[in-house]
Each structure stands twice: as C-alpha cells, then as structure tokens.
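# Structural overview
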Amino acid sequence: MEIGIFVKVFSRPTLAETLDAVAAHNLHWIQFNMVSAGVASMPDAIPSELVASIRREMDARSIRMAALSGTFNMIHPDSHVRQDGLRRLRVLAEICQPLGVNLLTLCTGTRDPENMWRRHPHNDTPAAWRDLTHTMEQALRIADDFNLNLGVETEVSNVVDSAPKARRLIDEMRSPRLKIIIDCANIFHKGELARMHALMDEAFDLLGDHIALAHAKDLKEDGDAGQEAAGTGVLDFTHYARRLQKIGYQGAWVLHGLQENQVAASIAFLQNILSKTVS
C-alpha cells in the first residue's frame, strides 16, 4: 500500500508545477482531475496533444494515476443534465488508456439541483433509485466500451449513503466493472459516530471484495462527508488500515480533504499508521 493524493490539493499555474509539488513530497500516486490540466473537470472534448502532455509530465516524475475524476450528478432531477454527464464521461473514458488509468470515479448523486454533494430528502425515494440504476447502466456500457472500471463511494449526502445501499447497487448492476472507493470518513450519519468500528466493519464486510481504491481523510463530526486532514479528526485510522490489510488491499491510500500546508503532517501520520499495521 502506498500513499497518494488528490492532485487538486496543489494549485499551481501549470501542470508541470503541480506535479513537481506532488513529487516534492515523494508521492507517486495521484487521483487526477482535468482541472489540473487547465480544462474543465468533465470537458466537452480533450485534445490528444493535452493527453500526451499529461502522460509525459507524469512519466517524467514517476507518477501514476490511481483514478480519474468523472463525477457528475447521476440522479440530477433534470434528465438532460444526467445525459450530458454521461456524454462527458465518455470523453474522459476515451483518454484513460493513454493515461494509464483504468478507474473512473463517479458521484451517485443527489436530488439537489445545485450541489451534487448536498443531501436532499428525495434521495430516498424509489424514483431516485430508479434514476440511479438507469444512469449507472449507461455508464457501465461506456466502461465496457473502453475496458474500464467505475468507482462509487458511500456518501451520506448522496443516494448511496450507506454500505448496504452500495452493496444493493452492486448486486442489482451485476457488473464486474462496478467498484467501490472506500472512504471511512463518509459513512457516518448523525448519531452514528459512536458505532465507528461496527460501521467500518460493516462497510468492509459488505464491500471488501469490490474495493478498488481507498481514500484517506478525517472527520470531526458525523452526518456529513469528512473534510479534515488525515490525523486531525476522530477517525480510527489504525482500524481502517487493519481492515484494508485484511482484504489484501495493495493500492494507493489517497489523501484529500486537506490544505497544502497539511500535506506533510498527514503523510507522516499515515506512514506511522502503516508502519505499525501493514506488513
């Protein structure tokens, strides 16, 4: 297991300078967002020259992509918005092979029309679930076309807001291309933090065989997605690391939800956890 980072943590004028900042921390795995290459997260089109430039800059620093962000609101109340998201997802899928990445990350979505990370009471309706499965079926066809995997997270603000719902989605889709991004800072609804270990164990027991990527951020209270630097909140990272070890996870543990001035401390924190728990 190696420590990685969301590339957007570093904000620089050029991609080369951004990747220099990653390399300066001796990190070799990133979760990439096209914003760091000077375009929209989900562009209308991506020039082949830009793709070649991204790959060249990564290779020059021995940096690899663990995942590429393809997040859009999969249950947006406007079907046209959902279809546009799928169109742009295909644009990203087309560049994955030349970038050496096979995991596109998704957002299962919310009925909130403005913010895909904000909870809405209609997320729990049968109609919202139907829209999710319909959109996901189309996204999985794109993944089939390009021999890719798609990753979803349990997010308390989204329609898939618990490990059992993530498992339900996997069971209903019945596609080996649908994977899980585990982020233990995102699984606690209001009042659930006291059951931290039980809920972490539930997530790994239900989803462990499908985990393709692990995120490392912290939280200070339940009921919302954690957005604290690893090591600054209340999440038991030792338990987290042991559960990752138990499933034989060998991928990147990707830092996010932190500021650049917190990166060094969070890396040191995770290195200490790994030195004690992972052989």
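As the structure is a computational prediction, the values presented were derived from the model and not from experiment. (Residues numbered from 1 in each chain as written. Predicted model: local features only at pLDDT ≥ 70, side-chain atom pairs only at ≥ 80, totals over all residues. Heavy atoms only, no water.)

When its secondary structure is counted, the protein shows eight helices and eight strands. In terms of C-alpha radius of gyration, the protein reaches 18 Å, essentially the compact-globule figure of 19 Å for 279 residues. For the protein, the C-alpha atoms occupy an extent of roughly 50 × 45 × 30 Å along the three principal directions. Here the protein holds 279 residues, and 55% of them are scored as buried. A separation of at least 24 residues holds for 75% of the contacts in the protein among residues at least 6 apart in sequence. Here the protein holds 29 positive side-chain charges and 35 negative ones, and the gap between their average locations is 3 Å. (Helix = DSSP H or I, 4+ residues; strand = E, 2+ residues; numbered from the N terminus. Rg over C-alpha atoms; globule rule 2.2 N^0.38 Å. Buried < 20%, exposed > 50% of the residue type's maximum accessible area, 1.4 Å probe, protein only. Contact = heavy atoms within 4.5 Å. Lys, Arg positive; Asp, Glu negative; His and termini not counted. Charge placed at Lys NZ, Arg CZ, Asp CG, Glu CD.)

Moving on, we get to the packing of aromatic side chains. In this structure the tally under the stated criterion is five aromatic pairs. Geometrically, the ring pair formed by Phe237 and Tyr240 is tilted, given 6.0 Å between the ring centres and 35° between the ring planes. You can see Phe237 and its partner Tyr240 sitting in helix α7 (residues 237-246), three residues apart, about one turn around the helix. Of the two residues, Phe237 and Tyr240, both sit in the buried class. Here the aromatic cluster, defined as three or more aromatic residues joined through ring pairs, consists of Phe204, Phe237, Tyr240, Trp253 and Phe269. (Phe/Tyr/Trp six-rings, centres within 6.5 Å; stacked < 30°, edge-to-face > 60°.)

With that settled, consider the sheet that holds strand β8 (residues 252-255). Strand order in this closed barrel of eight strands is β1-β2-β3-β4-β5-β6-β7-β8, and the pairing throughout is parallel. Strand-to-strand twist of the sheet, defined as the mean angle between neighbouring strand axes without regard to direction, takes the value 30°. Both strand β6 (residues 178-182) and strand β7 (residues 211-216) contribute to a ladder of three bridges, which runs parallel. Opposite Ile180, over in β7, you have Ile211 as the bridge partner. Packing of helix α4 (residues 126-146) onto the sheet brings it into contact with β3 (64-73), β4 (103-107), β5 (149-152) and β6, and relative to β5 it is tilted by some 145°. (Pairing = 2+ DSSP bridges. Axes fitted to C-alpha atoms, helices over the stretch in contact; angles between N-to-C directions.)

With that settled, consider the side chain of Thr277. You can see Thr277 is positioned in helix α8 (residues 263-277). With relative accessibility at 10%, the residue Thr277 sits in the buried group. A distance of 2.8 Å separates a polar side-chain atom of Thr277 from the backbone oxygen of Ile273. Ignoring anything within four residues of it in the chain, the contact list for Thr277 reads Thr238, Ala241, Arg242 and Gln245. (Polar contact = N/O pair within 3.5 Å; in protein donor to acceptor, adjacent residues only side chain to side chain.)

The next thing to look at is the pairing of β5. Alternating positions in β5 separate into two faces, Asn149 and Gly151 on one and Leu150 and Val152 on the other, with burial throughout. In this fold, the crossover linking β4 to β5 by way of α4 has right-handed handedness. Following the backbone out of β5, through helix α5 (residues 163-173) and into the adjacent parallel β6, one traces a crossover that is right-handed. (Right-handed = clockwise from strand over helix to strand, strands pointing away.)

Moving on: the pattern of salt bridges. The full count for this structure, using the stated rule, is 23 salt bridges. With a shortest N-O distance of 2.7 Å, Asp84 and Arg88 are connected by a salt bridge. Pair noted here: Asp84 and Arg88 are both in helix α3 (residues 79-99), with a separation of four residues, about one helical turn. In this structure, Arg118 engages Asp112 in a salt bridge whose closest nitrogen and oxygen atoms are separated by 2.7 Å. Here the residues in one salt-bridge network are Asp44, Asp84, Arg87 and Arg88, joined through shared partners. (Salt bridge = Lys/Arg side-chain N within 4 Å of Asp/Glu carboxyl O.)

Look at helix α6 (residues 196-207): 16 Å from first C-alpha to last across twelve residues, which is about the 16 Å you get at 1.5 Å a residue. Among the residues of α6, those classed as buried are Met196, Leu199, Met200, Ala203, Phe204 and Leu207. Relative to the axis of α6, the buried residues are bounded by an arc of 135° and lie together on one face. Where α6 is buried, its residues touch α5, β6, β7 and α7. (Expected span 1.5 Å × (residues − 1). Arc of directions from axis to C-beta.)

A few words on the environment of Asp218. In this fold, Asp218 is placed in the loop between β7 and α7. Sequence separation between Asp218 and Glu49 is 169 residues, and the spatial gap between their C-alpha atoms is 37 Å. Within the structure, Asp218 has its side chain in polar contact with the backbone nitrogen of Thr232 (distance 3.3 Å).

Any functional reading would require information beyond the geometric quantities listed.
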